[in-house]
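Examination of the molecular architecture
Here is what each chain is made of, one letter per residue.
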Amino acid sequence: MTRTDDRYVVDHDDRIVAVVGHFEDTLGPFLGHSLWEASPQAERLFAPYFAEARRTGRGVEFTSFYAGRLARRRVVPTGQILTVHVTPLEELDVRTLATLSESVLRVEAELARQASERLDPPARASLQALL
Amino acid sequence: MAVAVQQAPYIVFDEEDRIVEVSEFAVPVFGSFLGKNLWDCFPDSRRLYQPHYTEARRTGAPVEFAQYYNGRVMLVKAVPSGTRVTLWYDVIAILDVLTIEGLRESLDSALAKLSAAEETIRREQVRTSLRLVGGRA
């Protein structure tokens, strides 16, 4: 997974106003519609980061699992308009129980790694000292 | 737990595992594969399903099993007729891959249903064997 140029743009009401790359297929048909209409259950996952980016005026990065793939999302505000750059990290492989199990483990490991990275350095040092 | 064959979708494949018939309810999944080899269409599924079909053809008796494949848990009944096999199936669980919470819950549920179905089929096989031993088949 090396594609890093997938992105979409939403306006102040989270309506999709532009799509690039992979999103031409998935979100393209929803141009002009709310992102949350096109992406069921995504609002509670993404909206807090969108709000933070708009509130602070600074880019926000987060990693989340959605629609069968784990991806890093970088939200870049321009006023109230947001450009969301998406870098895929892991994809679920549901073909067989073996491939599913392997891919779930990879997703869980990456999520755990990301959670660990979110700990501030002193907290991580304290945890490591305990181990 | 047995596949309700009156309502379940089915396909028929011939001695070379070519799909030669697709029921109305199986068209959404198998319609475009009519006339094609089953294992060319679903190569990953061969080692999961073929042994059951081989057994059905060898014994001449229906074989029922539960299997996970491609995000779904299915109850499958393979009924041999000469070298042809009619495959009835019933989807009993589908993975929800939208969110990680949905994935975890649906995975637990799918695995539980798979185990329960396997256990039910196993018990039914034991009952059938006992009936045969008791001469009540």
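For the structure, check the block above.
Residues numbered from 1 in each chain as written. Chains lettered and ligands numbered in written order. Predicted model: local features only at pLDDT ≥ 70, side-chain atom pairs only at ≥ 80, totals over all residues.

**Describing the overall build of chain A**
Rules: Helix and strand assignments come from DSSP, with helices taken as H or I runs of at least 4 residues and strands as E runs of at least 2, each series counted from the N terminus. Whether a residue is buried, exposed or partly exposed is read from the other C-beta atoms within 10 Å of its own C-beta, which are placed from the backbone; 20 or more gives buried, 12 or fewer gives exposed, and intermediate counts give partly exposed. Once C-beta atoms have been placed from the backbone, residue pairs whose C-beta atoms lie within 7 Å are recorded as contacts.
For chain A, the helix and strand inventory stands at five helices and five strands. Walking chain A from its N terminus toward its C terminus, one meets helices and strands in the order β-β-α-α-α-β-β-β-α-α. Looking at chain A as a whole, 16% of its 131 residues qualify as buried. The long-range fraction of contacts in chain A, counting pairs at least 24 apart against all pairs at least 6 apart in sequence, stands at 25%.

**Details of the sheet that holds strand β4 (residues 69–78) of chain A**
Residues and elements named next belong to chain A. Spelled out, the test is: Note on pairing: two strands pair once DSSP finds at least 2 bridges between them. Fitted lines through C-alpha atoms give the axes, limited to the stretch in contact for helices. The angle between two N-to-C directions lies from 0 to 180 degrees.
The strand order β2-β1-β5-β4-β3 describes an open sheet built from five strands, whose pairing is antiparallel. Pairing within the sheet leaves two strands with one partner each, and these edge strands are β2 (16–20) and β3 (60–66). Here the strands of the sheet are splayed against their neighbours by 25° on average, with no regard to which way each runs. In this sheet, β2 lies alongside strand β1 (residues 6–10) in antiparallel orientation, the contact comprising four bridges. Bridge pairing links V9 to A18 in β2. Its contacts with the sheet put helix α3 (residues 43–56) on β3, β4 and β5 (81–91), and the angle it makes with β3 is roughly 170°.

**Things to note about unusual backbone geometry**
The phi angle at A67(A) is positive, at roughly 55°, despite the residue not being glycine. Position of A67(A) among the secondary structure elements: in the loop between β3 and β4. Unlike most non-glycine residues, N70(B) shows phi in positive territory, near 55°. Among the secondary structure elements, N70(B) is positioned in the loop between β3 (63–69) and β4 (72–81).

The analysis is restricted to geometry; functional conclusions fall outside its scope.
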